[in-house]
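# Structural overview for review
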Amino acid sequence: METRIIHWWDPHHKQAYLNDLKRSIAAAKQVGAKSVTIHSNALGDGGVVVNPYDDLSDTVKLCSMYDVLLECVKIAEEEAVNLYLEALNITTDHVGNFLKNTQMAAEICALIASPRLKVLYDVYHMQLNEGSLCDTIRKYCGQFGHIHVADAPGRHEPGTGEIQYQAVIRCLEECGYCGYIGYELFPLHDTKTAVAAIMKHA
């Protein structure tokens, strides 16, 4: 189980964000969750980015992200909870989201170098944003802590879109990924049919 929290880029909001992270971790632990998923922007109804912070440069956003994540990791290590940093698509669901590619997420996790901070690699989001799924997995799999799955376009179960999920799963296995894969999708017809499709393409 995961708990999602908001993420402020404005450096003036750093302490407020850290306080919110502590509350989210406490809530996660209360229900037995071992991880908290973090995003680069606050998301409102329907996943809409609440504030893209267009008044801040990418330099300020990136430096702020690194600074805040350093403090987040200290909290996560003290609380023995994992943090999963997720990049989101900006083409369809989360226009204006700052963290939009695997490279940035993986490189910042590698720089911070804490076992409590890893990338949540969402195959659906990254197919929309960057494609080259298997090449990306081979390059950055060492930084992956969790995987999300849905087909694209549509965000339905595997087999309803353009992603060759058997190849993706095989690539993850070949790269040594042994974590969880979460199917975060909207069934095209019903849950039973979606589950059957998941088993077929796993």
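Higher on the page you've got the structure.
Residues numbered from 1 in each chain as written. Predicted model: local features only at pLDDT ≥ 70, side-chain atom pairs only at ≥ 80, totals over all residues. Heavy atoms only, no water.

### Considering helix H5 (residues 133–140)
Restricting attention to buried positions, one finds in H5 the residues Leu 133, Cys 134, Thr 136, Ile 137 and Tyr 140. The buried residues of H5 occupy an angular sector of 160 degrees when projected down its axis, which confines them to one face. Residues Asp 135 and Lys 139 are exposed on H5 and point more than 90 degrees away from its buried face. Lining the buried residues of H5 we find helix H3 (102–112), strand E4 (117–122), helix H4 (123–129), strand E5 (144–149) and helix H6 (165–174). (Buried < 20%, exposed > 50% of the residue type's maximum accessible area, 1.4 Å probe, protein only. Helix = DSSP H or I, 4+ residues; strand = E, 2+ residues; numbered from the N terminus. Arc of directions from axis to C-beta. Contact = heavy atoms within 4.5 Å.)

### As for unusual backbone geometry
Most peptide bonds adopt trans geometry, and most residues besides glycine take a negative phi value. For the peptide bond that leads from Ala 152 to Pro 153, omega is -5 degrees, which places it in the cis range. By secondary structure assignment, the location of Pro 153 is in the loop between E5 and H6. Phi is positive for Ala 80, which is not a glycine, with a value near 55 degrees. Considering the arrangement of structural elements, one finds Ala 80 in the loop between helix H2 (58–79) and strand E3 (82–86). Judged by its relative accessible area of 45%, Ala 80 is partly exposed.

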